[in-house]
Amino acid sequence: MNLNKKQIQHLKGLAHSLKPVVLLGSNGLTEAVVAEIDYALNHHELIKVKIPTDDRENKTLIVDAICRETQATKIQVIGKTLIIYRQSEEKKIHIPKL
């Protein structure tokens, strides 16, 4: 899904008050974690994922893998927190058309 800057800013504002829904453990990105992220996206559309790593390259690989496996759009990465969005069939979050 392609979002413009205004739409991304709108989603960042909505995500500001959210708590991380999924926390990656010491095993990293497993199939169970991807399934949990997919389930959370179906339920919430906009979620935060906590990625406990200090290695930037490793974090970038994990973020890319999460977005690819779940067909989600990366909204923002702040520190160890990833914000992703995927529209569900119910369209719970209204995105401005600008």
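Residues numbered from 1 in each chain as written. Predicted model: local features only at pLDDT ≥ 70, side-chain atom pairs only at ≥ 80, totals over all residues. Heavy atoms only, no water.

A word on the side chain of arginine 86
Okay, step 1: Its place among the elements puts arginine 86 in the segment after strand S4 (81-85).
Okay, step 2: Taking relative accessible area as the criterion, arginine 86 reaches 14% and is therefore assigned buried.
Okay, step 3: For arginine 86, the side chain forms a polar contact with the side chain of aspartate 38, separated by 2.6 Å.
Okay, step 4: Once you skip the residues sitting within four places of it in the chain, arginine 86 turns out to touch Asp38, Leu41, Asn42, Glu45, Thr70, Gln71 and Ala72. (Helix = DSSP H or I, 4+ residues; strand = E, 2+ residues; numbered from the N terminus. Buried < 20%, exposed > 50% of the residue type's maximum accessible area, 1.4 Å probe, protein only. Polar contact = N/O pair within 3.5 Å; in protein donor to acceptor, adjacent residues only side chain to side chain. Contact = heavy atoms within 4.5 Å.)

Considerations on the pairing of S4
The side chains of a regular strand alternate between the sheet's two faces.
Okay, step 1: In terms of burial, S4 is a largely internal element, 5 of the 5 residues being buried.
Okay, step 2: Because side chains alternate across S4, one face comprises the buried residues Thr81, Ile83 and Tyr85, and the other comprises Leu82 and Ile84, equally buried.
Okay, step 3: Two strands pair when backbone bridges link them, and strand S3 (residues 73-78) and S4 are joined in this way by 5 bridges, in the antiparallel orientation. For isoleucine 78, the partnering residue across the bridge sits in S4 and is threonine 81.
Okay, step 4: In this structure, the hairpin formed by S3 and S4 is closed by a connection of 2 residues, where glycine 79 is found at a positive phi of approximately 60 degrees. (Pairing = 2+ DSSP bridges.)

Focus: the sheet that holds strand S2 (residues 46-50)
Note on sheets: strands pair through backbone hydrogen bonds, and any given pair is parallel or antiparallel.
Okay, step 1: In space, the 4 strands of this open sheet follow the order S1-S2-S4-S3, with mixed pairing throughout. Of all the strands in the sheet, the pair left with one neighbour each is strand S1 (22-23) and S3.
Okay, step 2: As defined by bridge partners, S1 adjoins S2 across 2 bridges and the pair is classed as parallel. Considered in S2, the bridge of valine 22 is made with valine 49.

Comments concerning the nonpolar core
Okay, step 1: With 16 residues, the main nonpolar core has Ile37, Ile47, Val49, Ile51, Ile66, Leu82 and Ile84 as its most contacted residues.
Okay, step 2: Those elements that provide at least two residues to this core are helix H2 (31-44), S2, helix H3 (56-70) and S4.
Okay, step 3: Setting aside residues up to four positions removed in sequence, isoleucine 66 forms contacts with Leu29, Ile37, Val49, Leu82 and Ile84.
Okay, step 4: Core analysis: the next-biggest nonpolar cluster, separate from the first, contains 9 residues, Leu3, Leu46, Ile75 and Ile93 among them. (Core = buried A, V, L, I, M, F, W, Y, C linked by side-chain atoms within 4.5 Å.)

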